[in-house]
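Summary of structural features
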Amino acid sequence: MAASTSVVPVAVTAAVAPVLSTNSDFSDLREIKKQLLLIAGLTRERGLLHSSKWSAELAFSLPALPLAELQPPPPITEEDAQDMDAYTLAKAYFDVKEYDRAAHFLHGCDSKKAYFLYMYSRYLSGEKKKDDETVDSLGPLEKGQVKNEALRELRVELSKKHQARELDGFGLYLYGVVLRKLDLVKEAIDVFVEATHVLPLHWGAWLELCNLITDKEMLKFLSLPDTWMKEFFLAHIYTELQLIEEALQKYQNLIDVGFSKSSYIVSQIAVAYHNIRDIDKALSIFNELRKQDPYRIENMDTFSNLLYVRSMKSELSYLAHNLCEIDKYRVETCCVIGNYYSLRSQHEKAALYFQRALKLNPRYLGAWTLMGHEYMEMKNTSAAIQAYRHAIEVNKRDYRAWYGLGQTYEILKMPFYCLYYYRRAHQLRPNDSRMLVALGECYEKLNQLVEAKKCYWRAYAVGDVEKMALVKLAKLHEQLTESEQAAQCYIKYIQDIYSCGEIVEHLEESTAFRYLAQYYFKCKLWDEASTCAQKCCAFNDTREEGKALLRQILQLRNQGETPTTEVPAPFFLPVSLSANNTPTRRVSPLNLSSVTP
């Protein structure tokens, strides 16, 4: 899979090559700024606008260079001079999206820059026609078999150039994109790795490579160039692979070496906190980012997801109106408006805006997933399944789509399908308790109770977000008449509820107290049983049972019945609930904490 490191960068002249060769450290930030400014210009000349924007934003975050150190434009070669007229005309057509026209005037050009624009124009022309046909004739949910007809021809031509070693870093990037579009993933990875060796400053090649890596093991086997750009790549891929601690450490290192003003890094840190559901931290960073860069639209859909989770209607409304004023036809804007309508329970309108986002960019992952959620709300399970499947086609690492498919098949009462999709979501998010609880419920329905117990315990061990794992585990022990383990789980559940200061008034708390009252009563531990029975009286559904139990305890005490001393394992309530000061015992791990399903 590794690409040869002996390839010489033929993209640029000898005068420019030293500037494009990058070091592995950040000791000379002035040299890094020169490299970023140069690559921003080179990518802009070739119509690679997103890479150009990324490089320019990163360069802007570094201190300005004095006039004497500003890099002169790269010298023009003989081939460039011959193709200058055709290139200038074609670039003007390219900029106004007349791709076929641009390709027509570039046909036969020999310079590297003109040849890349010729091939890239043909590729984008095919993509534009495919997208237009997809949206106009079929709609975003039924894309059918619409293909970019130019891909096979481009592959043949670029393959010949590649074998003759005539492709520069940009040509290799385009060749990799074509291979990826044709689902030739292994070949695409090899070419992208080669592209990063030939032209390590081109962020687009790193990003494409990132989209093809599915796990950390795959990453280890790549032979990547030893360059400072690799640090940005690793931080990005760690975020994508949900290795958030490693990603945050990388971004912190980048801030420490001098990129503290980079809006890109700040936004990536906010996305990382969003991925680990540290909502307060993520919101705080996004709010700071909005102050620094008020007209920024990138990642604002992620910001809107956070506002949605927190039900912050007024803030989400303000964000939606603000983005509408900036650019109402950006995919992020449509997703923000969709989230706003979803929060107001106007799911038809929300789905309409997510569809609009997909008309603008059919490969936009977030819109597919969010549209699946809306169809779920509207009970349209078949459309939800299609939307989630499209999301997975765009990015197989999207755990939300796998989890959504699991929920959909759960509604359809298809537990084996449901189990498969929940397992895939769990593989992507091994420390997310929601995936584990869903897996546990699925195993329970399939009567695989041992596996269900493992899942519920693991969900508790990794930090139960919804505080339901212990209750479900306790009920499972009840079902299996394992009263001691059930009591332990209920005690720990109550400890957790009261230790974090939550005021929980729902059925599960009353269920826990009712079970414990009965358990202590059977064990003849009258004080503990009395305390639990009194707590039962605070809930409507257990009040009568609590009163009846208190009467029984009083009657037995009056008869002189003494508490037993032959209980196999004493259990006690938290100090805040019990009059005695006996410390509570930690729940036994049941030898399941290290086992994942």
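What you see is a predicted model; the values in this text were computed from it and never measured.

Its location among the elements puts Val266 in helix 14 (residues 263–275). Distance in space between the C-alpha atoms of Val266 and Glu288 is 9.1 Å, their sequence separation being 22 residues. Residues in contact with Val266, not counting those within four places in the same chain, are Ser260, Ile285 and Leu289.

What follows deals with the packing of helix 17 (residues 313–327) against helix 18 (residues 331–343). Relative orientation of the contacting elements helix 17 and helix 18 amounts to 150 degrees, with a least axis distance of 9 Å. The orientation of helix 17 relative to helix 18 falls into the category roughly antiparallel. As for the relative orientation of helix 17 and helix 18, their crossing is left-handed in sense. From helix 17, Lys313, Leu316, Ser317, Leu319, Ala320, Leu323, Cys324 and Asp327 reach across to helix 18, where they touch Thr333, Val336, Ile337, Asn339, Tyr340 and Leu343. In terms of residue class, the contact of helix 17 with helix 18 is made up of 9 nonpolar, 3 polar and 2 charged.

It is worth spelling out the nonpolar core at this point. Residues Tyr123, Leu209, Trp228, Phe232, Phe233 and Ile237 are the most contacted members of the largest nonpolar core, which totals 188 residues. Those residues in contact with Tyr123, other than ones at most four positions away along the chain, are Asn148, Leu151, Leu154, Leu174, Val177, Val178 and Lys181.

Per the counting criterion, the structure on display carries 29 aromatic pairs. Measuring from centroid to centroid gives 5.5 Å for Tyr340 and Tyr341, while their planes differ by 55 degrees, and the two rings are tilted. One exposure class covers both Tyr340 and Tyr341, and it is buried. Consider the rings of Tyr403 and Tyr422, whose centres lie 5.5 Å apart with planes at 45 degrees: the pair is tilted. Of this pair, Tyr403 sits in helix 22 (residues 399–411) while Tyr422 sits in helix 23 (residues 415–428), and the two are 19 residues apart along the sequence. Assigned by exposure class, Tyr403 and Tyr422 land together as buried. Ring-pair connections join several aromatic residues into one group, and the members of that group are Trp54, Trp203, Trp228, Phe232, Phe259 and Tyr264. Across from the ring centre of Tyr87, 4.6 Å away, lies the NZ or CZ of Lys113, which sits over that ring.

Mapped onto the elements of the fold, His477 is located in helix 26 (residues 469–479). Look at His477 and you get buried, because its relative accessible area is 1%. For His477, the side chain forms a polar contact with the side chain of Glu482, separated by 2.5 Å.

Along the chain, Asp301 falls in helix 16 (residues 300–309). With no salt bridge to any partner, buried Asp301 finds its closest opposite charge in Arg400, at an N-O distance of 7.4 Å. Only 2.4 Å separates the side chain of Asp301 from the side chain of Tyr364, close enough to count as a polar contact. Discounting chain neighbours no more than four positions away, the residues touching Asp301 are Glu332, Cys335, Val336, Asn339 and Tyr364.

Okay, the environment of Tyr490 next. When you line up the elements, Tyr490 lands in helix 27 (residues 483–499). With a relative accessible area of 0%, Tyr490 lands in the buried category. For Tyr490 and Phe513, which are 23 residues apart along the polypeptide, the C-alpha to C-alpha distance reads 7.9 Å. Sequence-distant contacts of Tyr490, that is, excluding residues within four places in its chain, are made with Ala474, Lys475, Glu478, Thr511, Ala512, Tyr515 and Leu516.

So, about the state of the cysteines. Counting across every chain of the model gives 0 disulfides. Free of any disulfide, Cys324 has its nearest cysteine sulfur in Cys334, 8.0 Å distant. By relative accessible area, which is 31% here, Cys324 ends up partly exposed.

Let's shift gears to helix 7 (residues 151–163). Look at helix 7: 18 Å from first C-alpha to last across 13 residues, which is about the 18 Å you get at 1.5 Å a residue. For helix 7, the complete set of buried residues consists of Leu151, Leu154, Leu158 and Ser159. Taken end-on, helix 7 shows its buried residues confined to a sector of 130 degrees, consistent with a single buried face. In helix 7, the exposed positions angled more than 90 degrees off the buried face are occupied by Arg152, Glu153, Lys160 and Gln163. Note on helix 7: the residue one or two positions beyond its end, Arg165, has a positive phi of about 55 degrees.

The next point concerns the UniProt feature "repeat: TPR" (unreviewed entry) in the protein chain. Here, UniProt's "repeat: TPR" (unreviewed entry) annotation points to residues 331–364 and 365–398. In residues 331–364, the share of helix is 79% and the share of strand is 0%. The end C-alpha atoms are 8 Å apart. Annotated as 79% helix and 0% strand, the span residues 365–398 places its first and last C-alpha atoms 8 Å apart.

Next up on the list: a nonpolar patch on the surface. On the surface, a nonpolar cluster with roughly 310 Å² of combined accessible area is contributed by Leu37, Leu67 and Leu70. One can find Leu70 in the loop between helix 3 (49–60) and helix 4 (78–95).

Further remarks concern the confidence of the model for the protein chain. For the protein chain, per-residue confidence averages 84 on the pLDDT scale, and 86% of positions sit at 70 or higher. Contacts for the low-pLDDT stretch residues 1–19, under 50 throughout, to residues beyond four places or in other chains number 38 contacts. The model gives residues 565–570 a pLDDT under 50, and that stretch makes 4 contacts with residues more than four places away or in other chains.

Calculation notes
Residues numbered from 1 in each chain as written. Predicted model: local features only at pLDDT ≥ 70, side-chain atom pairs only at ≥ 80, totals over all residues. Heavy atoms only, no water. Helix = DSSP H or I, 4+ residues; strand = E, 2+ residues; numbered from the N terminus. Contact = heavy atoms within 4.5 Å. Axes fitted to C-alpha atoms, helices over the stretch in contact; angles between N-to-C directions. Parallel < 35°, antiparallel > 145°, perpendicular 65-115°, else oblique. Left-handed = near helix turned anticlockwise from the far one by under 90°. Nonpolar A, V, L, I, M, F, W, Y, C, P; charged D, E, K, R; others polar. Core = buried A, V, L, I, M, F, W, Y, C linked by side-chain atoms within 4.5 Å. Buried < 20%, exposed > 50% of the residue type's maximum accessible area, 1.4 Å probe, protein only. Phe/Tyr/Trp six-rings, centres within 6.5 Å; stacked < 30°, edge-to-face > 60°. Lys NZ or Arg CZ within 6 Å of the ring centre and 35° of its normal. Polar contact = N/O pair within 3.5 Å; in protein donor to acceptor, adjacent residues only side chain to side chain. Lys, Arg positive; Asp, Glu negative; His and termini not counted. Salt bridge = Lys/Arg side-chain N within 4 Å of Asp/Glu carboxyl O. Disulfide = S-S within 2.5 Å. Expected span 1.5 Å × (residues − 1). Arc of directions from axis to C-beta. UniProt positions renumbered as here; feature names shortened; annotations may be inferred. Patch = residues over 30% accessible without salt bridge, like charges linked within 9 Å, V, L, I, M, F, W, Y side chains within 5 Å. Areas by Shrake-Rupley, 256 points an atom, 1.4 Å probe, with all protein chains shown as cover. pLDDT = per-residue confidence, 0-100.

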